[in-house]
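In case you want the letters, here they are:
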Amino acid sequence: WGLMLVLSVAIYGSHAPLLTLCKVDGMIPFNSTSVVVLVELTKLMFSLLFLLTWNRELLGVAVSWRHVAPFALSALLYAANNNLVVHMQLFMDPSTYQVLSNLKIVSTALLYSLFLRQRLSMRKWLALFLLVAAGVSYSCGGLQDPGSPSKMQLHVTLVGLLLISVYCLISGLSAVYTEAVLKTQALPLSLQNLFLYFFGVLLNLIGYFWSSAEGGFLEGFSSWVLVIVVSQALNGLIMSVVMKHSSNITRLFVISCSILVNALLSVTLFSLQLTLLFFVAVSCIGLAVHLYYGVT
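Residues numbered from 1 in each chain as written. Predicted model: local features only at pLDDT ≥ 70, side-chain atom pairs only at ≥ 80, totals over all residues. Heavy atoms only, no water.

1. Concerning the overall build of the chain
Across its full length, the chain holds 11 helices and two strands. When the helices and strands of the chain are read in sequence order from the N terminus, they spell out α-α-α-α-α-α-β-α-α-α-α-β-α. Relative to its length of 296 residues, the chain is compact, with a C-alpha radius of gyration of 19 Å against a globular reference of 19 Å. C-alpha extents for the chain along the principal axes are approximately 60 × 55 × 40 Å. Across the chain, contacts joining residues at least 24 apart in sequence account for 88% of those joining residues at least 6 apart. Accessible area for the chain stands at about 15,600 Å²; split by element, carbon and sulfur atoms hold 70% of it. Side chains of the chain carry 13 positive and 8 negative charges; the gap between the two charge centres is 20 Å. (Helix = DSSP H or I, 4+ residues; strand = E, 2+ residues; numbered from the N terminus. Rg over C-alpha atoms; globule rule 2.2 N^0.38 Å. Contact = heavy atoms within 4.5 Å. Areas by Shrake-Rupley, 256 points an atom, 1.4 Å probe, with all protein chains shown as cover. Lys, Arg positive; Asp, Glu negative; His and termini not counted. Charge placed at Lys NZ, Arg CZ, Asp CG, Glu CD.)

2. Re a nonpolar patch on the surface
A cluster of nonpolar residues, V267, L274, L276, L277, F279 and V280, forms a patch on the protein surface that exposes about 500 Å² of accessible area. At four residues, the largest contribution of residues to the nonpolar patch is made by helix α11 (residues 276-293). Turning to its location among the elements, V267 is positioned in helix α10 (residues 248-270). (Patch = residues over 30% accessible without salt bridge, like charges linked within 9 Å, V, L, I, M, F, W, Y side chains within 5 Å. Salt bridge = Lys/Arg side-chain N within 4 Å of Asp/Glu carboxyl O.)

3. Describing the nonpolar core
Residues L128, L131, I249 and F253 are the most contacted members of the largest nonpolar core, which totals 27 residues. Of all the elements in the fold, those that place two or more residues in this core are α5 (104-115), α6 (122-139), α10 and α11. Residue contacts for F253: discarding those within four places in its chain leaves A127, L128, L131, A288, V289, Y292 and Y293. Core analysis: the next-biggest nonpolar cluster, separate from the first, contains 17 residues, L44, A75, L187 and L194 among them. (Core = buried A, V, L, I, M, F, W, Y, C linked by side-chain atoms within 4.5 Å. Buried < 20%, exposed > 50% of the residue type's maximum accessible area, 1.4 Å probe, protein only.)

4. Here's the deal with the pattern of salt bridges
On inspection of all chains with the given rule, the structure shows two salt bridges. For E40, the salt bridge goes to K43, with nearest N and O atoms at 2.9 Å. Here the residue E40 and the residue K43 both occupy positions in helix α2 (residues 32-54), the gap between them amounting to three residues, near one helical turn. You'll find E40 and K43 in the same group, each marked buried. Close ionic contact of K183 with E179 constitutes a salt bridge, the shortest N to O distance being 2.7 Å. Here E179 and K183 lie together in helix α7 (residues 158-184), a separation of four residues that amounts to about one turn. Judged by its relative accessible area of 1%, E179 is buried.

Here you go:
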């Protein structure tokens, strides 16, 4: 568990720096939908490999459509969220998105408590709000480029606020719904992942062809993009284990802790500087971990 969670923190934290390394003249040179398709395909291949290696006897087992159908909705919700992220950029600047997207911690916790009937104490709710505070603090200026103005100005339209609200709702719903499906079915995780990622590949392929993207499927790809594909696929598999055997709350703490890795890589690779807000964020995360998991 320790190794998996540390690896997941490292992958979450390295995602944004890796995307920056992929940029050419300040622009992402590849189609993001192509990357999502490849990530889903890689997860599907790994799931099949795990099934063939450790659960080969399940290949001949008859599976009802009632076991398979719920994963179609999970994949649809994830695909919808991936597309929302792209469209939201038209109605707000990236900094505003980074700040407001932290509200998905609250939506996930509310839906987790409501639909999975997991009652959270006031102490645990305080811990989760500290995670939100940590994310907002870091997004508002935890890192600073010495050559740019330190004052950050946020811009968002009314449509942007509506979209970010829908994004946070779907983000929480997709995570909690998938956790519920994984836990209520008696099937092995490798088989469940096979169903989930099959629909993930199918829906994202439809999205790719629907968008009529210009250029080739692999246009603009580099070795850094392949690192992103493999790392994100591995992280998806780890998160499925977390949701099957732990909870979405653990996933929220993993994402928040990834701030530390993101900051370390940003300082090392891009010569950014840590600000007071970074240390505020770290303090909030440390206190949140103590409140949620510490001994009462």
